[in-house]
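Here's the letter readout for the chains.
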Amino acid sequence: MNFRRGRGREELEINLIPLIDVLLVILIFLMVTTTYSKTAGLEITLPSAEAPESQANDREINVLITARGEILINRQPVAGRGSDALAEALGRAAAGRKDPVVIISSDRDARLQSSIDVMQAAQRAGIAGISFATQSDASGGR
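Residues numbered from 1 in each chain as written. Predicted model: local features only at pLDDT ≥ 70, side-chain atom pairs only at ≥ 80, totals over all residues. Heavy atoms only, no water.

## Focus: the overall build of the protein chain
The secondary structure content of the protein chain amounts to 3 helices and 5 strands. Helices (α) and strands (β) of the protein chain occur, in sequence order from the N terminus, as α-β-β-β-α-β-α-β. Across the 142 residues of the protein chain, 20% fall into the buried class. Residue pairs in contact within the protein chain that sit at least 24 positions apart in sequence constitute 64% of those at least 6 positions apart. Accessible surface for the protein chain amounts to roughly 12600 Å². Of this, 54% is attributable to carbon and sulfur atoms. (Helix = DSSP H or I, 4+ residues; strand = E, 2+ residues; numbered from the N terminus. Buried < 20%, exposed > 50% of the residue type's maximum accessible area, 1.4 Å probe, protein only. Contact = heavy atoms within 4.5 Å. Areas by Shrake-Rupley, 256 points an atom, 1.4 Å probe, with all protein chains shown as cover.)

## Observations concerning the pattern of salt bridges
All told, the structure shown has 3 salt bridges when counted by the stated rule. Here Arg68 and Glu70 are joined by a salt bridge, their closest N and O atoms 3.3 Å apart. Classification of Glu70 as partly exposed rests on a relative accessible area of 35%. Salt-bridge contacts for Arg124 lead to Asp84; the nearest nitrogen and oxygen are separated by 2.3 Å. Highlighted residues: Arg124 in helix H3 (residues 112-124) and Asp84 in helix H2 (residues 83-94), separated in sequence by 40 residues. (Salt bridge = Lys/Arg side-chain N within 4 Å of Asp/Glu carboxyl O.)

## Examining the environment of Asp99
Note that Asp99 resides in the loop between H2 and strand S4 (101-106). Judged by relative accessible area, Asp99 falls into the exposed class, the value being 52%. When the C-alpha atoms of Asp99 and Gly126 are compared, they prove to be 9.8 Å apart, with 27 residues separating the residues in sequence.

## Some words on H3
For an α-helix the count is 3.6 residues per turn, leaving residues at separations of three or four pointing the same way. Its 13 residues place the ends of H3 19 Å apart at the C-alpha level, agreeing with the 18 Å of an ideal helix rising 1.5 Å per residue. Along H3, the residues that are buried comprise Ser114, Ser115, Val118, Ala121 and Ala122. Angular distribution of buried residues about the axis of H3 spans 125°; they occupy a single face of the element. When the buried face of H3 is taken as reference, the exposed residues oriented beyond 90 degrees from it are Leu112 and Gln123. Of the surrounding secondary structure, the elements contacted by the buried residues of H3 are strand S1 (60-65), strand S2 (71-73), H2, S4 and strand S5 (129-132). (Expected span 1.5 Å × (residues − 1). Arc of directions from axis to C-beta.)

## Some words on the packing of H2 against H3
Remark: H2 packs on H3, axes separated minimally by 8 Å, with the N-to-C direction vectors making an angle of 55°. When the axes of H2 and H3 are compared, the pair comes out oblique. As H2 packs across H3, the resulting crossing turns out to be right-handed. In contact with Ser83, Asp84, Leu86, Ala87 and Leu90 of H2, H3 contributes Asp117, Val118, Ala121, Ala122 and Arg124. (Axes fitted to C-alpha atoms, helices over the stretch in contact; angles between N-to-C directions. Parallel < 35°, antiparallel > 145°, perpendicular 65-115°, else oblique. Left-handed = near helix turned anticlockwise from the far one by under 90°.)

Rendered as structure tokens:
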């Protein structure tokens, strides 16, 4: 048995230079093989049109829904609160019009259910055309 008491402990050392070389080769390999392509989404060009402001049309039936839930058809309040009364009022407003279109103008604080009720009543009255009126944000949000 040979116990080495007289000598000091050997210092172990790790040579980092080969490790750094390997990491640099891997980094260069990844940089060369990586493709940088632009696939953010579909690139489409929307059509544009220039048309004069539309005039009040005899096909339009304007429905206004206030913040309190009141429904007005062509500026006349609807008599009754049920969907049957609303469908009947829309049917009367559509009488004599060719291909009537319901334009719903709803206050932004109105309940969504009121708009859904108007759409269902229009369907029951046989009116297929429904549109929503909006305004541009140029008014400062109100």
